[in-house]
Amino acid sequence: MERAPRADAPECVRLLKRLPDELAGRGREDVRTQGVAVWGDGDVVLRCGLRPPPPSVDPCVAVDDVEWLLLEARSQGDRKVLLTYGRDPAVEVSLSQEVDGVDAALIDLSRLVEPIRQRGECIGEEEPEGLGG
């Protein structure tokens with residue numbers, strides 16, 4: 001797993017210290033890449049320290065005051081890739097279709113990401129009904 005460009009940002013360091021040992025019913029793996037967390041042998045992968053995305057036509061979903069872009073071009077096959085919108089540094093989450101309770105996992109992750117200051121909001125009016133699982 002590749003380290004994000006700003007994985008050493010103070011916000012990422014604080015985020016990684018608060019991550020749970022279990023997420024979506026999967027245990028956290030031992031990963032040595034800075035700014036990266038993995039649960040369930042790669043079923044859930046989090047990377048902190050990405051550059052905030054520019055305005056996008058990708059669907060945006062708000063979960064507990066955290067906005068996530070569903071990166072459709074990267075959500076191919078059996079994975080969904082989401083990226084926080086309006087937060088700097090941005091946080092990316094990749095979820096396998098094997099994960100039951102994707103929405104619940106995003107609620108847990110949103111609570112962890114929420115302390116990263118919001119600097120912008122999605123502008124689209126439509127949000128996906130849910131992400132499945």
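Residues numbered from 1 in each chain as written. Predicted model: local features only at pLDDT ≥ 70, side-chain atom pairs only at ≥ 80, totals over all residues. Heavy atoms only, no water.

Naming follows an unreviewed UniProt entry, where the protein chain appears as DUF3515 domain-containing protein of Streptomyces durbertensis.

Colleague: Before we go on, may I ask you to explain the environment of Asp-100 in this structure?
Modeller: In this fold, Asp-100 is placed in the loop between strand S8 (90-96) and helix H2 (102-113). Counting along the chain gives 75 residues from Asp-100 to Gly-25, while the straight-line C-alpha distance between them is 8.3 Å. (Helix = DSSP H or I, 4+ residues; strand = E, 2+ residues; numbered from the N terminus.)

Colleague: Is there a simple way to explain the nonpolar core in this structure?
Modeller: Soluble globular proteins tend to pack their nonpolar side chains together in the buried interior. By size, the foremost hydrophobic cluster in this structure holds 27 residues, and its most contacted members are Leu-15, Leu-19, Leu-46, Cys-48, Trp-68, Val-91 and Val-93. Of all elements in the fold, only helix H1 (10-18), strand S3 (36-39), strand S4 (44-50), strand S5 (60-63), strand S6 (66-70), S8 and H2 reach the threshold of two or more residues within this core. The element contributing the most residues to this core is H2, with five residues. Membership of the second largest hydrophobic core comes to ten residues, among which are Ala-4, Cys-60, Leu-69 and Ala-90. (Core = buried A, V, L, I, M, F, W, Y, C linked by side-chain atoms within 4.5 Å. Buried < 20%, exposed > 50% of the residue type's maximum accessible area, 1.4 Å probe, protein only.)

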